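# Examination of the molecular architecture
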Amino acid sequence: MACEFPSASGMRDRKKVSVEVHDEICAIKRAILIADEACNLEVCVEDTLMTTAGDTVSELYYSVWKGVTEDRTKTLWMNEIIACFESSGYTIDRVTNCDTGNTFKWCLAW
């Protein structure tokens, strides 16, 4: 009798599809378009679910990024966002928001 259960990679793939990831990608894309209209070749994004200063959820994402807190789902989601833009040729980095010290910004260049 075959085991009818998703593989580990299949379970991870199911986690890649989330409203949080979709909203984050859309916010970053919008920031890129606005920056491009202003003739800029880079932009830092800091007012999203994952990056908003003073927000508990954003602070948790920062903590996961820095390895202080372990949350495999949030790590997977952040990596999915990075892969989305890197696969399109953008450079994308997480940079500590110096104004808060406990949140980050997405910084992209093209």
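This write-up is about the structure you can find in this document. Quick caveat: nothing in here was measured; it's all calculated off a predicted structure.

Once that is clear, we can look at the pattern of salt bridges. Under the defined criterion, the tally for this structure stands at two salt bridges. The residue Glu-46 makes a salt bridge to Lys-105 at a minimum N-O spacing of 3.9 Å. Of this pair, Glu-46 sits in the loop between β1 (42-45) and α3 (56-65) while Lys-105 sits in strand β3 (residues 104-109), and the two are 59 residues apart along the sequence. Lys-74 is the salt-bridge partner of Asp-71, the closest N and O atoms lying 3.8 Å from each other. Exposure remark for Lys-74: the relative accessible area of 14% places this residue in the buried category.

So, on to the nonpolar core. Buried together is how nonpolar side chains tend to be arranged in soluble globular proteins. Counting residues in hydrophobic clusters, the biggest one holds 21 residues, and the most contacted among them are Ile-28, Met-50, Ile-81, Phe-85, Trp-106 and Leu-108. Where this core is concerned, the elements lending two or more residues are α2 (19-37), β1, α3, α4 (72-86) and β3. Counting residues per element, this core draws most heavily on α2, which supplies six residues.

This brings us to the packing of α2 against α4. The relative placement of two packed helices is expressed as an angle between their axes plus a distance between the axes. Taken N-terminus to C-terminus, the directions of α2 and α4 make an angle of 35°; their axes are 10 Å apart at the nearest point. Crossing of α2 over α4 shows right-handed handedness. Where α2 abuts α4, its residues Glu-20, Val-21, Glu-24, Ile-25, Ile-28, Lys-29 and Ile-32 lie against Trp-77, Glu-80, Ile-81, Cys-84 and Phe-85. Here the contact of α2 with α4 is composed, by residue class, of eight nonpolar, no polar and four charged.

Moving on, we get to the state of the cysteines. For the structure shown, the criterion picks out one disulfide. One disulfide in the model links Cys-44 with Cys-107; its S-S distance is 2.1 Å. Sign of the S-S torsion, about 110° for the bond between Cys-44 and Cys-107, identifies this disulfide as right-handed. One end of the pair, Cys-44, is in strand β1; the other, Cys-107, is in strand β3, and 63 residues separate them in sequence.

In this fold, Lys-74 is placed in helix α4. Leaving out residues up to four positions away in the same chain, Lys-74 has contacts with Leu-60, Tyr-61 and Val-64.

Phi is positive for Cys-39, close to 65°, though the residue is something other than glycine. Inspection of the secondary structure puts Cys-39 in the loop between α2 and β1. Residue classification places Cys-39 among the exposed residues on the basis of a relative accessible area of 71%.

Bringing the packing of α3 against α4 into the picture now. The contact between α3 and α4 brings their axes to 10 Å, and the two run at 85°. By the angle class used here, α3 and α4 are roughly perpendicular. Packed against α3, whose contacting residues are Leu-60, Tyr-61, Val-64 and Trp-65, the element α4 presents Lys-74, Thr-75, Trp-77 and Met-78 at the interface. Looking at the contact of α3 with α4 residue by residue, the classes come out as six nonpolar, one polar and one charged.

Procedures and definitions
Residues numbered from 1 in each chain as written. Predicted model: local features only at pLDDT ≥ 70, side-chain atom pairs only at ≥ 80, totals over all residues. Heavy atoms only, no water. Salt bridge = Lys/Arg side-chain N within 4 Å of Asp/Glu carboxyl O. Helix = DSSP H or I, 4+ residues; strand = E, 2+ residues; numbered from the N terminus. Buried < 20%, exposed > 50% of the residue type's maximum accessible area, 1.4 Å probe, protein only. Core = buried A, V, L, I, M, F, W, Y, C linked by side-chain atoms within 4.5 Å. Axes fitted to C-alpha atoms, helices over the stretch in contact; angles between N-to-C directions. Left-handed = near helix turned anticlockwise from the far one by under 90°. Contact = heavy atoms within 4.5 Å. Nonpolar A, V, L, I, M, F, W, Y, C, P; charged D, E, K, R; others polar. Disulfide = S-S within 2.5 Å. Parallel < 35°, antiparallel > 145°, perpendicular 65-115°, else oblique.

Purely geometric numbers; function is a separate question.
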